[in-house]
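# Analysis of the macromolecular model
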Amino acid sequence: MTASSIGARRSFADSAVAAAARTSASDLAWPLPVLAVTAAVLVVGLEGNPQRIDDEGTYAAQAWSVFHLGGLTHYTYWYDHPPLGWIQIALYTEATGAWVRHATAVGAAREAMVVFAVASAALLYVLARKLQVSRPAAAAAVLVFALSPLAVQYHRDVYIDNVATPWLLAAFVLAVSRHHQLVEFAGSAACMVAAVLSKETFLLALPFLAWTMWRSAHPEIRRYTLSVAAVVLALGGSSYLVFAATKGELVPGPGHVSLWQGVTFQLGDRSGSGSVFDPATPANHVVSLWLGLDPAFVALGVVASVAALAVPRLRSVAAVAVFLIAVVLRPNGYLPVPYPIAILPFAALAIAGVSDVLARAVVDAVRRARLARASGEPSGRPGRLVVSVVGLTFWSVAAVGVVGAAAPASAARLGSFMATSADAPMLGAQDWITANVSRSDRLLVDDALWVDLVRAGFPRQNVIWYYKLSTDSAVARQNPSGWRDADYIVTTQSVAIGATQLPGIQAALRASAPVAVFGQGGEQVVVRRIDRQGGGTPPGRCGAGRGDPGAGRDGARRQPGAPCLGRPDGAPPQRGASTSGRRSGSGRRSRPVR
């Protein structure tokens, strides 16, 4: 081999390395900034806004219990959800010391939500690129996914849906692979198992994942790759059954909970939310909440998801979004508040993908017309350029109009998320209880306070999640007189609404009087002393002014029958009270949403 040939090979290798480096730099130049924006929007003001609620406290308490109590939950685990979601939260918070870094347990769990949201954003970018969406459009999909006030609201909240989302996106990333399909389809199935065992409702996406695999699989090996994926799904899914069976809790029996009871509750026993078209139903209230947070995203997401069905490479992910949206329209199904979390990435990808398809169609049509003129040949299909330009113009005008109309309110909501502290009333109540209530007293509390009060030195049996007083047999045995065994009840908006279905809590509210009031409106928190003989100040009806929880965030009204949290006579707050809580501009949530 001559020196010149060796030099030529080295030059070629150097050029190849340089080209690869340029490609890698170009690949990273788009996602890294948008991922940084995603993290920043969530981190700034994370612990203070929105105000922590009961369901967040439940998931945080369950995660805390894994390592600190040696169990899956802080109460009896009754198979309402698979435990993998909060186990992952527990692994992160324990490994990183998040419990110590944050003033509240919910704040620590929200830090984990940021990690899962950023992971979802990164996987969304990868999925978009695998579906041949351009780099700018893929980055735009991530920005839509990250900056929508609807997304910021729910990505901050401690919901196991956020834990399941990156697993679902990873499953689709692997399912669209065209290389090493045997291994990657098996990995896709494993990710789908992790998603479903994190939040069971993600099972709704399974048929579309299977369809994606079928479309992506090479025909000559399709039966092998899909068979392996099916086996992985079956083995992974059966692990939950095996877990319940080894505990003797697979089917109902005396003296124990069961997986069967949990499944039947979720699928059949749970009360429906009514029709979204009936203004008097919970379903309509929930959808109105979503629209109030970001009407532009909701409108564009629905339209783009339907339009993306016409694009073959986007069809499978668009079908996921369209199906999940259609589920919302069921006449009387149960509609949880965090339901959009699963739709957000697919709708964001549809918005960016449709925009990319239309822009590329115009560019391609212009290029073809120029080449035809340069060569002197007929332009072929001149109507293509006209159709492409009209389509892009219509979509652009519609998108700009919708976004422009919603932009001022959306900007205000984003600013509120990062600049205000809606959790001040909760912190005030927490500090007041820690300083003024004896550790021997028993409290009925919103679950958002449970871990923090236990960590402050209150015995576990003296801090009772109000919802469990009449729904958990172990708690009932510890409190044979029910609410009369408690000394205080701490009321939040979640407690006020939950009390409408819990006669014991209603009785405790009637037999109690406020001793400390924090904040106002829908974020008000009241510490009430219970008179075990049945006296006290009944909650009564609130007025429309200060202290009225009926005037909740975004103007949402208190549900009919929910008791007032503070004094019915409008008297000023008592010792240790605070009125520093500020409304967040985020949507108001109420129990149950899980």
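Residues numbered from 1 in each chain as written. Predicted model: local features only at pLDDT ≥ 70, side-chain atom pairs only at ≥ 80, totals over all residues. Heavy atoms only, no water.

### Some thoughts on helix 15 (residues 295-308)
Given a rise of 1.5 Å per residue, 14 residues ought to cover 20 Å, and the 20 Å separating the end C-alpha atoms of helix 15 matches this to within 8%. Where helix 15 is concerned, the buried positions are A296, F297, L300, G301, A304, S305 and A308. For helix 15, the angular spread of the buried residues around the axis is 135 degrees, confining them to a single face. (Helix = DSSP H or I, 4+ residues; strand = E, 2+ residues; numbered from the N terminus. Expected span 1.5 Å × (residues − 1). Buried < 20%, exposed > 50% of the residue type's maximum accessible area, 1.4 Å probe, protein only. Arc of directions from axis to C-beta.)

### Here's the deal with the pairing of strand 3 (residues 488-491)
Neither face of strand 3 is open: one carries Y488 and V490, the other I489 and T491, and all of them are buried. For strand 1 (residues 443-445) and strand 3, the ladder comprises two bridges, and the chain directions are parallel. Within the sheet, the bridge partner assigned to L443 lies in strand 3 and is Y488. (Pairing = 2+ DSSP bridges.)

### Describing the pairing of strand 5 (residues 525-530)
Burial within strand 5 is extensive, with five of its six residues counted as buried. One ladder, built from four bridges, connects strand 3 with strand 5; its direction is antiparallel. Across the sheet, the residue bridging to V490 is V527, located in strand 5. One ladder, built from six bridges, connects strand 4 (residues 512-518) with strand 5; its direction is antiparallel. Across the sheet, residue V517 finds its bridge partner in strand 5, namely V526. Counting the residues in the hairpin turn of strand 4 and strand 5 gives six residues, including G519, whose phi is positive at 75 degrees.

### Some words on the packing of aromatic side chains
Going through the model one piece at a time under the given rule, you end up with 13 aromatic pairs. Summarising the aromatic geometry, the rings of W64 and W450 are spaced 6.3 Å apart at their centres and angled 70 degrees between planes, so their arrangement reads as edge-to-face. One end of the pair, W64, is in helix 3 (residues 54-68); the other, W450, is in helix 20 (residues 450-455), and 386 residues separate them in sequence. Among the residues examined, W450 registers a relative accessible area of 1% and is labelled buried. Seen in terms of ring centroids, Y240 and F243 are 6.4 Å apart; in terms of plane orientation they differ by 5 degrees. Their pairing is stacked. (Phe/Tyr/Trp six-rings, centres within 6.5 Å; stacked < 30°, edge-to-face > 60°.)

### Notes on helix 16 (residues 315-328)
Quick reminder: α-helices carry 3.6 residues per turn. Residues three or four places apart thus point the same way. Here helix 16 contains 14 residues, and its C-alpha end-to-end distance of 20 Å stays within 8% of the 20 Å for a straight helix at 1.5 Å per residue. Among the residues of helix 16, S316, V317, A318, A319, V320, A321, L324, V327 and V328 are the ones counted as buried.

### Let's talk about a nonpolar patch on the surface
A cluster of nonpolar side chains, namely L182, V183, I221, Y224 and V228, defines an oily patch on the protein surface of about 440 Å² accessible area. Elements with a minimum of two residues in the nonpolar patch: helix 10 (181-198) and helix 12 (222-246). By the element assignment, V228 lies in helix 12. What makes V228 partly exposed here is its relative accessible area of 31%. (Patch = residues over 30% accessible without salt bridge, like charges linked within 9 Å, V, L, I, M, F, W, Y side chains within 5 Å. Areas by Shrake-Rupley, 256 points an atom, 1.4 Å probe, with all protein chains shown as cover. Salt bridge = Lys/Arg side-chain N within 4 Å of Asp/Glu carboxyl O.)

### Notes on the packing of helix 15 against helix 16
Running from N to C, helix 15 and helix 16 cross one another at 135 degrees; their axes reach a closest spacing of 8 Å. Compared by their axis directions, helix 15 and helix 16 come out oblique. Here helix 15 and helix 16 pass one another in a crossing that is left-handed. For the pair formed by helix 15 and helix 16, the contact residues are V302, S305, V306 and A308 on the first element and R315, A318, A321, V322 and I325 on the second. Residue composition of the contact of helix 15 with helix 16, grouped by class: seven nonpolar, one polar and one charged. (Axes fitted to C-alpha atoms, helices over the stretch in contact; angles between N-to-C directions. Parallel < 35°, antiparallel > 145°, perpendicular 65-115°, else oblique. Left-handed = near helix turned anticlockwise from the far one by under 90°. Contact = heavy atoms within 4.5 Å. Nonpolar A, V, L, I, M, F, W, Y, C, P; charged D, E, K, R; others polar.)

### Quick look at the confidence of the model for the chain
With 81% of its residues at a pLDDT of at least 70, the chain reaches an overall mean of 84. Every residue in residues 540-593 is under pLDDT 50, and counting partners more than four places away or in other chains gives 162 contacts. (pLDDT = per-residue confidence, 0-100.)

### Re the side chain of D446
With respect to the element layout, D446 can be found in the loop between strand 1 and helix 20. Despite its burial, D446 remains without a salt bridge, the nearest opposite charge being carried by R52 at 7.8 Å. Dropping the residues within four chain positions of it, D446 is found in contact with I53, D54, Y466, V490, T492, S494 and V495. (Lys, Arg positive; Asp, Glu negative; His and termini not counted.)

### Comments concerning the pattern of salt bridges
Taken as a whole and judged by the stated rule, the model has 10 salt bridges. For D356, the salt bridge is made with R360, and the minimal N-O distance between the two is 3.3 Å. Residue D356 and its partner R360 are located together in helix 17 (residues 340-375), separated by four residues, close to a single helical turn. A relative accessible area of 6% places D356 in the buried class. Judged by its relative accessible area of 38%, R360 is partly exposed.

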